[in-house]
Amino acid sequence: MPEAPADSPTAPTASATSVASTASVASTTSVVSTASTAPIASAAPTTPEPPSPATSPTTSPTPAPQQAPRTRTRRPRNPYARLFAIPGATAFTVGNLIARLPMGMFSVSAVIMIAGARDSYALAGAVTATGLAATAVVGPWTARMVDRYGQARVAVPATVLAVLGSLSLLLCVRFGAPDWTLFASYAATATTPNTGGMSRARWSHLLKGEPDALHTANSFEQAADELCFMLGPVLAAFLCGALFPQAGTLVGAVLLLTGVLLFAAQRTTEPPVRERTDKAPRPKSPLRTRGMPALLVVFLATGAVFGAMEVATVAYADERGHKAAAGVVLALQAAGSCGAGLVYGALRPSGSPDRRHVLCGLAMAALMTLPLLAVAATGSLVVLAGALLVAGMATAPTMVTGMTLVQRYAPEGQLNEAMTLAVTGLLGGIACGAAGGGWTAEHVSPAAAYAVPVAAAVCALLLSSVRACATSTRRRRSARTHAPSEA
């Protein structure tokens, strides 16, 4: 059908508009894609060209859309700021810190409460030791349930049982119940979930495939542990002394339940539960995973460093007539560890975690000699405090790297259980170190007791070195076995 002239009243106005628009685009744009539009009309012809078959006579060709300028989002330079830029990270961290603070309060509160009511530190120590032993047995089982059914479904009822145990202990002490009820009540608190392990499991889920960011997260968690165990005993002693003997236990129970409820409410960051079918094989315990038993023995030796150092410091301060200052001196050690952990997390790690673990163990073994030298050379409590501040700077990097290895060796879907086993090994080491340090302080001298953490640190270094060498040898053999044969 022939096209009507441009000046005809029946000519479509869209066609004229199309020509003018196209000519304008051709004169101002260097390159226009015309693969699917009408050809650009030249300004020389006085009569419009007929539209191409691909273009409707009633529609104008659309010029190529121009891309909007891209706005580059600047990532925070601070690695910790990048962590908490993750949606939901701040919320679950706040709840976890509230729940973690009472972990440093319960033992001190129980000792003060029981010793004050029954006038027996032996009974108070036996009750807390029973609770520690029960935690070593029940803790991994609780963590296994968390891995199998999810953090929120298990952590909340487990915390309720633990809080009921704390309240039962409080009432038994308050109303003079038989001694066996104290042991039973405090043993019931063993169901307390490993809140630090659950927080590390969330970071491991959120930062999968980002080893540098996970290193920063593990460093933050270790610094949080040090902070809570530094502030917890101080807060417990203050509450029991300023208010009433049961105040530390009561406030700790309230904080624990509140923190776990807030933590469990953050479901968007909770690691998914690994689905298991009836025909799926039963997962083996992390204890049976290659490399894990040797690593747990290293945690045992590392815990002995902490336990022996604590008892030696209390005994030495008591010998010098400043027993009340022991808490402040130990707090300086925790402060040094906390600060070093945060600095270590801001650095980008180099080398394999196995190698870093050996180097951190070497630094810890070297720095643990400073308190021994301080008491042997000066006998000053002030100099000892400075030595402990420096010595504490090696413990956090060692623990951070150790937890990184636990996350690497843990079987899929069993991370909470693996980290709880590491904490159990650490607590067992603390008990052994405390016993060794106490025996040395009583039968030799408080100053000589500082040799026990040095020996434990050297033992941890040797075990870590042997484990790293064995791991490296296995990897080389595996690489040679799976290497393609040359023609």
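Note that the structure is a prediction, hence the values are computed from the model and not measured.

Quick look at the overall build of the protein chain now. In terms of regular secondary structure, the protein chain is built from 18 helices and 0 strands. Within the protein chain, the fraction of its 487 residues that count as buried is 44%. Counted over contacts in the protein chain with a minimum sequence separation of 6, partners at least 24 positions apart contribute 80%. Carbon and sulfur atoms make up 64% of the accessible area of the protein chain, which totals about 25100 Å².

Attention now goes to the packing of helix α5 (residues 121-149) against helix α6 (residues 151-174). Where α5 meets α6, the closest approach of the two axes is 7 Å, and the angle between their N-to-C directions is 145 degrees. Note on element contacts: α6 touches α5 through Q151, R153, V154 and A158, opposite T142, M145, V146 and Y149. Here the contact of α5 with α6 is built from residues that sort into 5 nonpolar, 2 polar and 1 charged.

Quick look at helix α12 (residues 326-346) now. In this model α12 runs 31 Å from its N-terminal to its C-terminal C-alpha over 21 residues, within 8% of the 30 Å that 1.5 Å per residue would give. Taken residue by residue, α12 has A326, V329, L330, Q333, A334, G336, S337, C338, A340, G341, Y344 and G345 as its buried positions. Buried residues along α12 sit against α2 (79-84), α9 (211-242), α11 (292-319), α13 (353-367), α15 (381-391) and α16 (395-409).

As a further point, take the pattern of salt bridges. Applying the stated rule across the entire model yields 7 salt bridges. The partner of R200 in a salt bridge is D225, with the nearest N and O atoms 2.9 Å apart. Here R200, found in helix α8 (residues 195-206), pairs with D225, found in helix α9; they are 25 residues apart in sequence, far enough to count as distant. Residue class for D225 comes out buried when judged on its relative accessible area of 15%.

Right, let's get into a nonpolar patch on the surface. Nonpolar side chains collect at one region of the surface, where V160, L161, L164, L167, L243, F244, L250 and V254 lie side by side and expose about 680 Å² of accessible area between them. Only α6 and α10 (247-265) provide two or more residues apiece to the nonpolar patch. A per-element tally of the nonpolar patch places α6 first, with 4 residues. The topology assignment puts L161 in helix α6. The class for L161 is partly exposed, based on a relative accessible area of 48%.

Owing to its 3.6 residues per turn, the α-helix brings residues three or four apart onto one side. Here α6 spans 34 Å end to end across 24 residues, near enough to the 34 Å set by a 1.5 Å rise per residue. Downstream of α6 by one or two residues, G176 has phi in the positive range, about 70 degrees.

A word on the nonpolar core. Soluble globular proteins tend to bury their nonpolar side chains together. One finds I114, L169, L182, W203 and L207 to be the most contacted residues of the largest nonpolar core, which totals 36 residues. No other element matches α6, which puts 7 residues into this core. In this structure, I114 is in contact with D119, L123, A124, V127, L169, V173 and L182, ignoring residues within four places of it in sequence. Ranked by size, the runner-up nonpolar core spans 29 residues in total, among them L384, A394, A441 and V454.

Packing of α8 against α9 leaves a shortest axis separation of 10 Å and a crossing angle of 165 degrees. Judged on the interaxial angle alone, α9 and α8 are roughly antiparallel. Two packed elements cross with a definite hand, and for α8 against α9 that hand is right-handed. Residues G196, S199, R200, W203 and S204 of α8 form the contact with α9, whose own contacting residues are L214, A217, N218, E221, Q222 and D225. Here the residues of the contact of α8 with α9 are counted per class, giving 3 nonpolar, 5 polar and 3 charged.

Below, the discussion takes up the packing of aromatic side chains. The final tally for this structure, using the stated rule, is 5 aromatic pairs. Measuring from centroid to centroid gives 5.2 Å for F84 and F220, while their planes differ by 80 degrees, and the two rings are edge-to-face. Taken together, the residues span a long stretch of sequence, with F84 in helix α2 and F220 in helix α9 at a distance of 136 residues. Here the aromatic rings of F92 and F263 are separated by 6.1 Å at their centres, their planes lie at 75 degrees, and the arrangement is edge-to-face. One end of the pair, F92, is in helix α3 (residues 89-100); the other, F263, is in helix α10, and 171 residues separate them in sequence. Taken together, the ring pairs connect F84, F92, W203, F220 and F263 into an aromatic cluster.

Inspection of the secondary structure puts A468 in helix α18 (residues 451-482). Given a relative accessible area of 14%, A468 falls into the buried group.

As a further point, take the side chain of T142. Its place among the elements puts T142 in helix α5. Ignoring any residue separated from it by four or fewer positions in sequence, one finds T142 in contact with V154, A158 and T191.

Segments scoring low in pLDDT should not have their predicted coordinates read at a detailed level. Summing up the model confidence of the protein chain, the mean pLDDT is 77 and the portion of residues at 70 or higher is 79%. Here residues 1-60 scores under 50 on pLDDT; set against residues more than four positions off or in separate chains, the count is 36 contacts. The model gives residues 68-73 a pLDDT under 50, and that stretch makes 0 contacts with residues more than four places away or in other chains.

Take the environment of M403 next. Positionally, M403 belongs in helix α16. Judged by its relative accessible area of 5%, M403 is buried. Sequence separation of M403 and G197 is 206 residues, and the distance between their C-alpha atoms is 9.6 Å.

Turning our eyes to something else, we now look at the environment of V329. Relative to the helices and strands, V329 resides in helix α12. Overall, the relative accessible area of 5% leaves V329 in the buried class. A sequence separation of 60 residues divides V329 from L389, and the C-alpha atoms of the two residues are 8.3 Å apart. Discounting chain neighbours no more than four positions away, the residues touching V329 are T313, L381, A385 and L388.

Conventions and cut-offs
- Residues numbered from 1 in each chain as written.
- Predicted model: local features only at pLDDT ≥ 70, side-chain atom pairs only at ≥ 80, totals over all residues.
- Heavy atoms only, no water.
- Helix = DSSP H or I, 4+ residues; strand = E, 2+ residues; numbered from the N terminus.
- Buried < 20%, exposed > 50% of the residue type's maximum accessible area, 1.4 Å probe, protein only.
- Contact = heavy atoms within 4.5 Å.
- Areas by Shrake-Rupley, 256 points an atom, 1.4 Å probe, with all protein chains shown as cover.
- Axes fitted to C-alpha atoms, helices over the stretch in contact; angles between N-to-C directions.
- Nonpolar A, V, L, I, M, F, W, Y, C, P; charged D, E, K, R; others polar.
- Expected span 1.5 Å × (residues − 1).
- Salt bridge = Lys/Arg side-chain N within 4 Å of Asp/Glu carboxyl O.
- Patch = residues over 30% accessible without salt bridge, like charges linked within 9 Å, V, L, I, M, F, W, Y side chains within 5 Å.
- Core = buried A, V, L, I, M, F, W, Y, C linked by side-chain atoms within 4.5 Å.
- Parallel < 35°, antiparallel > 145°, perpendicular 65-115°, else oblique.
- Left-handed = near helix turned anticlockwise from the far one by under 90°.
- Phe/Tyr/Trp six-rings, centres within 6.5 Å; stacked < 30°, edge-to-face > 60°.
- pLDDT = per-residue confidence, 0-100.

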